[in-house]
Amino acid sequence: MMAKRKLAPRPGILDIEPYVPGKSKVDGGGPVTKLSSNENPFGASPKAVAAFKAAADQLSLYPEGSAAALRQTIGDFYGLDPAQIVCGAGSDEILSLLAQAYLGPGDEAVYSRHGFLVYPIVIMASGATPVVAQETDLTADVDNLLACVTERTRVVYIANPNNPTGTYLSFEELKRLRDGLPEDVLLVIDAAYAEYVLKEDYQPGIALVDAAANTVMTRTFSKIYGLASARVGWAYCPPDIAGVLNRIRGPFNLTGPSVAAGVAALEDHEFALDSAEHNRAWRKVLTDELEKLGLGVTPSAANFVLVHFREKEGCDAAAADAFLQASGIIVRRMEAYGLPGALRISVGTEPQNRALLAVLKSFVEGVPAAQIKNGAGAA
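Note that the structure is a prediction, hence the values are computed from the model and not measured.

Procedures and definitions
Residues numbered from 1 in each chain as written. Predicted model: local features only at pLDDT ≥ 70, side-chain atom pairs only at ≥ 80, totals over all residues. Heavy atoms only, no water. Helix = DSSP H or I, 4+ residues; strand = E, 2+ residues; numbered from the N terminus. Buried < 20%, exposed > 50% of the residue type's maximum accessible area, 1.4 Å probe, protein only. Lys, Arg positive; Asp, Glu negative; His and termini not counted. Salt bridge = Lys/Arg side-chain N within 4 Å of Asp/Glu carboxyl O. Polar contact = N/O pair within 3.5 Å; in protein donor to acceptor, adjacent residues only side chain to side chain. Contact = heavy atoms within 4.5 Å. UniProt positions renumbered as here; feature names shortened; annotations may be inferred.

Student: Tell me what's going on with unusual backbone geometry, and back it up with residues and numbers.
Tutor: Residue Pro 161 is reached from Asn 160 by a cis peptide bond, and omega for that bond is 0°. With omega at 25°, the peptide bond leading from Asn 163 into Pro 164 counts as cis. Here Pro 164 is to be found in the loop between β5 (153-159) and α6 (171-180). One non-glycine residue, Asp 137, lies in the positive phi region at around 55°. Mapped onto the fold, Asp 137 is located in the loop between β4 (129-133) and α5 (142-147).

Student: How would you sum up the side chain of Arg 283? Please name residues and give values.
Tutor: With respect to the helices and strands, the residue Arg 283 is situated in helix α10 (residues 269-292). No salt bridge forms around the buried Arg 283; measuring N to O, its nearest opposite-charge neighbour Glu 277 is 9.0 Å away. Within the structure, Arg 283 has its side chain in polar contact with the backbone oxygen of Ala 301 (distance 3.2 Å). Not counting residues within four places of it along the chain, the set of residues in contact with Arg 283 comprises Tyr 196, Ser 300, Ala 301, Ala 302, Phe 304, Val 305 and Val 347.

Student: Help me get a handle on the UniProt feature "modified residue: N6-(pyridoxal phosphate)lysine" (unreviewed entry) in the protein chain, residues and values and all.
Tutor: The residues that UniProt annotates with the feature "modified residue: N6-(pyridoxal phosphate)lysine" (unreviewed entry) are Lys 223. The residue Lys 223 is located in the loop between β7 (215-220) and β8 (233-236) in this model. In this structure, Lys 223 is in contact with Ser 37, Asn 38, Asn 40, Ala 192, Tyr 193 and Tyr 196, ignoring residues within four places of it in sequence. A polar side-chain atom of Lys 223 sits 3.3 Å from the main-chain carbonyl oxygen of Ser 37.

Okay, structure coming up:
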């Protein structure tokens, strides 16, 4: 008689901490200002919304399996070979596919101390071991990353700019990282926030992909293009890596409406430019005004700021978060990233940003939350 066995996942799976998205609601309900998920505060391009709706007429049909129209549009826009572009359900799927393809038990993958939480999830899901490289001033440190590389290292993940710190590596530093890695180590450059970076020494990674057989750049339509709900991402890869990903991705991993929205979003370049300019201006205003309140702000190249609170009872990050929520403003707590004294705050619309600053000013000055009139959620 066969002994009874209990169904169990592969060893290591239950050690993974599930990813918890930014909050969307406050206790008790009511209108909110959501500044917790780095979304475009203006939504998506009207042209992208119209394209998504138009594609709904064909919901009964399978989409074209390789997202060819979107890959061609991306290729035309950036001057890339569409055959080297692989699309996914957000860049998260691409990150997972890369781990599935190049990592396994006994392997290691490296990422920086405050890197995106999806990295350890996909590494551990593949059976590999995550290795954390310490940062310098909340910025990825190339020397520390390289020092973590061993004979077991197969992948290095680097977010540039990084979420949640907003810091970035210059192209020269990114190239130094690439040049310092062995040929059998894959460098994954996660450039989800690239469209927001207006720095002369920054490049998203296309040139490094072109120059090496072991570098991939991932991008997303979830941020500046406002398609977070549609789940549209892509990777630019050397031909061999594109071939690997196309073997293991789902045959219809992007929906027809998502592809249509992505094409229209990329063609509406003015929407993205306007979004980037708004973000540039208001990121500076938020940084300056928050510093005037005595709060620390990590210099950011993305569409959010990492705000540091004084470590004293009543004026810490947890208290500030509760105070903001009482006024209907939701931001992102940072305990999961090892930054319990900080909050990550997305750049919103002008009214949202002004409401945020007003509420935080009241918090710092010790005004009771109950005295704040007309909750900021209505802003």
